[in-house]
Amino acid sequence: MHARIRAGDPDAFRELFRDHAQLVYRHAVRITGDWSAAEDVVSLTFLEAWRLRGKLRDEGESPRPWLMGIAVNVLRNTGRAARRHERALARVPLRDVLPDFADELVGRIADSDELAAAKVALGQLRRAEREVFALCVWSGLGYAEAAEALGVPVGTVRSRLSRARARLRKLTDSELRRRGGRAESLGAGTEPLGAGGQVQGGRTTAARSNEERTR
């Protein structure tokens, strides 16, 4: 599979997209808090994967860590662009505008409160802690996969995740009480899954990882 991707095999890229697009999308939704922005992140991630296909190494059985590493970088770049855009808008004089009904529509989505609370709480973490938490807990990567995606040692992933969970327990409890939501929907007390696991969205708590059970 790795060799086919490096060679630019269209069937290999279709397989890569089919197997991992939803993982990238769910990860992006939880980081950005925006469904539309998450779709853009998916597109940019796979465009970058195509551009960088020659750098995919043969380590591991799956290209998932490599792909999620690209997604993390795309989210960093889009986040910086969004902040620049917000600063630019803040300098523009306010004008009367028509009511925006987008918030009303989003409010009908079952998990919108939890998603918003997650974004607020995660925004108060250091970026390194936020990225590890999102990859391991929400996107189901194991410690080794997250370490490969971020280019850091496994021990660093463990320590960052531990710090992130400790802070998130306090932050999410406070934020979700304010919103009337449920703290457990963020998965703040969960462990990463093994390499083959997945974390279902919003309300489902991730299973403890094989690595954690055997420590």
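What counts, and where the lines are drawn
Residues numbered from 1 in each chain as written. Predicted model: local features only at pLDDT ≥ 70, side-chain atom pairs only at ≥ 80, totals over all residues. Heavy atoms only, no water. Salt bridge = Lys/Arg side-chain N within 4 Å of Asp/Glu carboxyl O. Buried < 20%, exposed > 50% of the residue type's maximum accessible area, 1.4 Å probe, protein only. Helix = DSSP H or I, 4+ residues; strand = E, 2+ residues; numbered from the N terminus. Axes fitted to C-alpha atoms, helices over the stretch in contact; angles between N-to-C directions. Parallel < 35°, antiparallel > 145°, perpendicular 65-115°, else oblique. Left-handed = near helix turned anticlockwise from the far one by under 90°. Contact = heavy atoms within 4.5 Å.

**Q** In this structure, what is going on with the pattern of salt bridges? I would like to understand it.
**A** Where charged atoms from two side chains of opposite charge approach closely, those side chains can pair. For the structure on display, the rule yields twelve salt bridges. Between Arg 18 and Asp 19 there is a salt bridge, with the nearest N and O atoms lying 3.4 Å from each other. With relative accessibility at 59%, the residue Arg 18 sits in the exposed group. In this structure, Arg 51 engages Glu 48 in a salt bridge whose closest nitrogen and oxygen atoms are separated by 2.8 Å. A residue pair is termed a helical-turn pair when its members lie 3 or 4 positions apart in one helix, as Arg 51 and Glu 48 do in helix α3 (residues 35–51) at three residues. Arg 51 gets classed as exposed once you look at its relative accessible area, which sits at 55%. Connected through salt bridges with shared partners, the residues Arg 126, Glu 129, Arg 163 and Arg 167 form a single ionic network.

**Q** Mind showing me how you'd approach the packing of helix α7 (residues 127–138) against helix α8 (residues 143–150) here?
**A** Interaxial distance between α7 and α8 falls to 10 Å at its minimum, and their mutual angle equals 135 degrees. As judged from the angle between their axes, α7 and α8 are oblique. Considering only the axes of α7 and α8, their crossing is right-handed. Contact residues: Glu 131, Val 132, Leu 135 and Cys 136 in α7; Ala 146, Ala 149 and Leu 150 in α8.

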